[in-house]
Structures are given as C-alpha cells and as structure tokens.
Amino acid sequence: MSHFLFEDEAEHVIVGTGAGGATAARVLSDAGRSLVLLEEGPNLRPDQRPTDLLTGMAQAVRDMGSQTTTGATPIPLLQGRLVGGSTAINSGIIWRLPEDVIDHWSREHGLGDLVERAALERIYEVIERELEVAETGEDVLGGNGHLMARACEKLGLPGKPITRNARRCQGRAHCLQGCPSEARQSMDVSYIPMAVARGARLHALSRVERVLLEGGRAVGVEGDVLDADTRRPRGRFRVRATRGVIVAGGAVHTPAVLLRSGLRGLVGHRFQAHPGAAVSARFPEPVGMGTGATQGYEVPMRTDGFKIESLSLPPEMLATRIPGAGKAWQERLSALDYYGQWAVQVRMKAHGRVTLGWGGGPIVRYEPLDDDVARAQKAIGIICRMMLAVGATEVHPGIGHVPETLRTIADVEAFERTRLRRSDIHFMASHLFGTACAGSDPTRSVVGPDLQHHQVRDLHVMDASVFPTNLGVNPQHSIMAVVYRAAERLAQAERRAA
Ligand SMILES: Cc1cc2nc3c(=O)[nH]c(=O)nc-3n(C[C@H](O)[C@H](O)[C@H](O)COP(=O)(O)OP(=O)(O)OC[C@H]3O[C@@H](n4cnc5c(N)ncnc54)[C@H](O)[C@@H]3O)c2cc1C
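About the cut-offs
Residues numbered from 1 in each chain as written. Predicted model: local features only at pLDDT ≥ 70, side-chain atom pairs only at ≥ 80, totals over all residues. Pairing = 2+ DSSP bridges. Helix = DSSP H or I, 4+ residues; strand = E, 2+ residues; numbered from the N terminus. Contact = placed C-beta atoms within 7 Å. Axes fitted to C-alpha atoms, helices over the stretch in contact; angles between N-to-C directions. Buried ≥ 20, exposed ≤ 12 C-beta atoms within 10 Å, placed from the backbone. Left-handed = near helix turned anticlockwise from the far one by under 90°. Nonpolar A, V, L, I, M, F, W, Y, C, P; charged D, E, K, R; others polar. Near = placed C-beta within 6 Å. Expected span 1.5 Å × (residues − 1).

A. Representation of the sheet that holds strand β14 (residues 339-346) in the model. As summarised here, the arrangement of the 6 strands in space is β4-β12-β13-β14-β11-β17, forming an open sheet in which the pairing is antiparallel. Edge positions in the open sheet fall to β4 (160-161) and β17 (394-396), since each of these has one partner strand only. Against the sheet, helix α10 (residues 370-389) makes contact with β11 (276-282), β13 (306-310), β14 and β17, and its axis sits at roughly 155 degrees relative to β14, the strand it touches most.

Here you go:
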C-alpha cells in the first residue's frame with residue numbers, strides 16, 4: 001500500500017501558483033497540456049477571506065511577514081502563501097519591463113530572445129486585456145491618492161495615477177486582505193481558475209520538498225500535505241511529471257526547493273530586492289485611508305533609483321506607525337482618520353544570498369549598501385517635503401536617530417543632513433529577485449534563456465528568481481510576461497518534438 005496521502009501524475013507539474021506559476025499554467029493549459037499545480041498555502045476564496053488584518057495576514061502571508069533577512073539590518077520579507085501567491089495580497093500595480101532592463105539583459109545575460117520586444121508587446125496586450133488593466137480612476141483614488149496628486153502639482157513632481165489590474169475597482173481599500181469584490185485580477189481569481197477550467201488539478205496545502213531527478217531529468221516532486229489549521233505536515237505526497245517540472249515558488253523558496261533537490265552552482269546567489277520604507281503624516285482635514293485604492297498614485301523617479309507610492313493601510317497597521325506613548329499616542333489614535341501614508345521602493349544595488357537553514361528552510365543574507373541607504377534617505381526627504389507642501393502638521397519619518405516628528409522644512413533639511421546608519425531605516429521588501437538567474441552562460445547563471453536548468457533536463461524555473469537584476473518598477477507584470485514567453489516557447493518546442 002502506498003504511504004502517500006495522495007499521488008498524481010500530469011505532463012507538467014507546477015510548484016507555486018503566484019505570478020509565475022499561474023501564468024505558466026495559463027499558457028500550458030491553453031496548449032492542451034495536462035497539469036498538476038501544487039501550492040503550499042490554502043485556497044482562499046476572496047469572499048471568505050477574513051477582513052480583519054491579523055487573521056487575514058495569518059492565513060495569507062508567509063509567517064505573517066516575520067521572515068526577515070539576516071544581517072545588521074533585518075528586513076521583513078512580505079510574501080503571499082496561498083493560491084495566487086503574492087499577487088493575492090498585492091496592490092495590483094502594473095508596469096512593463098523597462099527598456100533599459102531589456103537592453104541590459106540582452107547584452108549582458110544573453111536573454112535577447114526571451115525578452116524580444118515584439119513578442120513582449122504581443123504578450124502584454126493579452127495579459128492587459130485578460131487581467132483588466134487600467135489606470136486608477138479619479139473616483140477611486142481616495143483621499144490618500146488625491147493628496148499625493150496635489151503634492152506633486154505643488155512641487156512639480158512627475159506624479160500619475162497608478163495603472164493596475166483592477167478596472168472594476170470600487171475603492172474598498174482591501175487589496176492586502178484580498179479584494180472582496182474580485183475586482184483585482186490576482187492569479188487566484190484569474191489564471192488559476194482559467195487553468196483549472198481547462199482541466200489542471202490544483203492541490204493546495206501541498207508543500208514541495210524536492211524535485212525528483214532521474215538520469216539527469218526532472219520526473220516529479222515529493223513533499224508534505226499540510227494541515228489547514230496548524231500548517232504542520234500530516235502526510236506525504238508524490239506527483240509524477242511525464243514532460244517536466246516547473247518550479248515557481250518565488251525568489252526565496254524556489255532556491256530552497258532546488259537546494260533541497262541537491263542542485264548547487266549559483267542557486268541562491270544574486271538575491272536582489274526593492275526594499276521599501278513608509279512615512280506617515282497628520283493632516284488638518286480627514287484623509288480617509290479606509291476608502292479608495294490601496295495604492296492609487298505614484299511618483300516614478302527611476303533615474304534616481306526609487307519610486308514613491310501612496311499606500312493606504314488598515315487602521316490596525318497604521319496605528320503601529322504612529323509614534324508616542326500614553327496620552328500623546330491616544331490623542332493621535334483618536335485622529336487616525338486624519339493620517340495619510342506614502343512609501344518608497346528603492347532599487348537597491350546590494351546582492352544577497354539564499355541558503356538552507358537547519359530545518360531545510362531558506363535563510364536570506366542581505367545587507368543594503370551605503371549608497372542604497374543614501375537613496376532611501378533622499379526619497380524619504382522628498383516624501384516629507386511633499387507632505388508639508390499639502391499641509392501636514394506632523395510628519396513621522398519612522399527612522400531611528402532622527403526626531404520622530406518633523407513639522408517644518410527646516411526639520412526636513414536637518415533630517416536630510418543627518419548621516420544615517422543602515423539600521424536606522426525600517427525597510428520591508430516584497431519585490432524579490434535573482435536566485436535562479438537566467439542567462440546564456442552556464443558559469444554565470446542557473447537556467448538558460450529558455451528558463452530550463454543548464455544541467456537538468458525538463459526542469460524549468462518560471463518566477464522572479466530568474467531575473468538577473470531588479471527592475472526599479474513593480475515586477476508582477478514583467479514576471480508574467482517573461483514566464484508567458486518562456487511557457488509559450490516550451491509548448492512550441494514540445495509540439496515540434498511530438
Ligand atoms: C504585499 C505585497 C504587495 C505587492 N504589490 C505589488 C504590486 O502592486 N505590483 C507588483 O507588480 N508587484 C507587487 N508585489 C510583488 C509581486 O506580487 C511579486 O513580485 C510576484 O507575485 C512574485 O511572483 P512569483 O511567482 O515569483 O512568486 P509569488 O507570487 O510569491 O508566488 C510563489 C508561490 O509559491 C508558493 N510556494 C513557495 N514554495 C513552495 C513549495 N515548496 N511548495 C509549494 N508551493 C510553494 C508560495 O506559497 C506562493 O504562493 C507585491 C508583493 C507583496 C507581498
């Protein structure tokens with residue numbers, strides 16, 4: 001008798017159902033392939049997802065966001081762990097792969113074919129149509145977004161409403177908990193149901209431990225079935241793949257799966273990110289972060305190495321960003337509706353590395369460089385100036401070794417002159433890349449331009465891990481487009497070989 005709780009078989013097995021895995025499933029199911037999709041997290045229907053932040057995070061966010069990088073500046077890594085991956089808890093921001101990144105990847109990493117412009121253009125159009133991509137309308141910009149728009153006007157900054165995969169957004173400010181009206185077309189409500197409707201079998205709460213390798217080929221995966229309540233293993237599973245295995249567990253967990261499968265080389269190297277930091281401020285009029293797009297307005301400043309975005313938070317989370325104690329804190333809490341919050345994502349130059357810890361889980365070593373911190377400080381200074389320009393009475397930069405409240409431009413100038421240490425800024429990172437880098441040179445990469453492992457046949461990586469560099473823009477659209485292209489070419493190659 002089998003000691004597995006379940007066994008299954010398909011032409012392709014896909015590990016992970018986020019931006020990468022779900023897009024691979026969309027393309028390969030369209031090509032008529034049989035698929036098994038394995039996802040460590042639960043399958044949460046948006047209308048069943050808890051609306052309060054803590055229960056919502058416990059169910060959907062890996063370790064409730066408590067996994068951090070190691071080093072002098074531990075940075076929490078936000079990652080979705082549910083069907084839909086991080087797309088099911090994200091703000092739906094859409095940006096195409098920047099031109100200079102296409103050039104760099106083509107020239108330095110031999111990926112010209114993968115990111116060929118005409119092909120990407122065609123793919124973007126499909127994805128943008130299917131995922132209802134549109135600019136955030138005035139009606140759902142919300143107080144936080146409108147304030148940022150006014151600040152940009154006043155200071156002459158290049159702000160604009162954010163383009164998102166949420167044309168039907170009603171401004172319920174619930175992106176992070178899962179859009180209750182399914183307006184945001186995250187993978188759990190778009191490409192995963194599409195693939196399942198075409199016959200793909202989805203196993204949630206199924207954590208892949210390793211890829212099964214035989215004769216230099218990937219032939220399946222094995223792992224643990226997890227209990228829905230405790231998330232502890234309650235038995236084993238095995239899935240056979242007759243054509244191959246696609247690993248898409250995200251930039252932290254894909255290398256962990258590969259390392260547990262005995263693969264080495266550059267697996268786990270080149271970890272990169274866009275760590276972010278947020279500034280909150282009190283305004284004379286209510287801002288009303290409880291309505292409007294979670295993220296509706298942005299100021300892209302890519303040549304400066306960062307991007308500023310409005311970021312509305314639920315009250316439970318916002319309260320932790322408000323400084324003070326006792327009566328002073330209570331007074332501020334009673335005025336929570338008067339607070340706004342804007343954040344910066346920094347395109348950091350630092351590289352880190354993912355290795356395995358004792359229990360077989362990933363450890364992420366990563367340390368921002370001095371130059372990265374300087375750019376973050378510059379961006380935070382700009383946010384503070386923007387907030388004061390539209391009447392903020394108290395700005396809270398949330399940074400160690402500087403006053404917790406800034407009230408005047410002179411205060412901001414003093415902040416800008418302060419030499420910050422790396423540990424002074426409280427970063428978080430949700431855009432993660434690079435740990436199974438793609439490239440034409442096997443000595444400098446893990447997978448080739450077709451995203452197949454250089455040494456193991458029929459083992460593909462299709463997620464943000466294959467990006468050789470970070471981008472300086474929000475990544476989900478680029479991940480989907482690059483994976484779409486690779487999956488389409490895989491299906492074509494299989495057809496030719498048949
Ligand atoms: C809070 C938040 C907000 C964000 N906002 C935006 C935004 O607005 N716009 C944007 O472009 N990007 C945004 N991002 C980033 C974007 O969502 C990610 O870059 C993208 O989803 C990464 O795609 P991926 O396929 O690499 O990994 P993910 O989407 O993270 O998917 C990986 C999946 O694999 C599963 N998995 C991992 N290991 C295993 C295993 N061993 N077995 C089975 N399953 C496994 C995980 O549970 C997860 O579901 C945001 C991210 C977060 C966390």
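B. Examining the pairing of strand β2 (residues 35-38) more closely. Burial along β2 is two-sided: the residues Leu 35 and Leu 37 and Val 36 and Leu 38 are all buried. For strand β1 (residues 4-15) and β2, the ladder comprises 4 bridges, and the chain directions are parallel. Counted as the bridge partner of His 12 is Leu 35 from β2. Where β2 and strand β6 (residues 201-203) come together, 3 bridges link them in parallel fashion. Looking at β6, one finds that Leu 38 is bridged to His 203.

C. Representation of the environment of Ser 478. The residue Ser 478 is located in helix α12 (residues 476-497) in this model. By the C-beta count within 10 Å, which is 25 here, Ser 478 ends up buried. Residues Ser 478 and Val 373, spaced 105 residues apart in sequence, show a C-alpha to C-alpha distance of 26 Å. Beyond its immediate stretch of four places on either side in the chain, Ser 478 contacts Arg 96, Leu 97 and Leu 471.

D. Structural detail: the packing of helix α4 (residues 117-130) against α12. Relative to each other, α4 and α12 sit at 115 degrees, their axes nearing to 9 Å. With respect to the hand of their crossing, α4 and α12 are arranged in right-handed fashion. For the pair formed by α4 and α12, the contact residues are Ala 119, Leu 120, Ile 123, Tyr 124 and Ile 127 on the first element and His 477, Met 480, Ala 481, Tyr 484 and Arg 485 on the second. A per-class count over the contact of α4 with α12 returns 8 nonpolar, 1 polar and 1 charged.

E. Quick look at the site of the ligand. In the vicinity of the ligand lie 41 residues, with Gly 16, Gly 18, Gly 85, Asn 90 and Gly 249 positioned nearest. Those elements that place two or more of their residues in the shell around the ligand are α1 (19-30), β7 (206-214), α7 (250-260) and α12. When residues of the shell around the ligand are assigned to their parent elements, the largest contribution, 4 residues, is made by α7. Of the residues belonging to the shell around the ligand, the class tally is 14 nonpolar, 22 polar and 5 charged.

F. Region of interest: α1. Here α1 spans 17 Å end to end across 12 residues, near enough to the 16 Å set by a 1.5 Å rise per residue. By the criterion of burial, α1 is predominantly enclosed, with 11 of the 12 residues buried. Among the residues of α1, those classed as buried are Ala 19, Gly 20, Gly 21, Ala 22, Thr 23, Ala 24, Ala 25, Arg 26, Val 27, Leu 28 and Ser 29. Against β1, β2, α6 (191-197), β9 (233-247) and α12 lie the buried residues of α1. Directly after α1, the chain includes Gly 32, whose backbone phi takes a positive value near 85 degrees.

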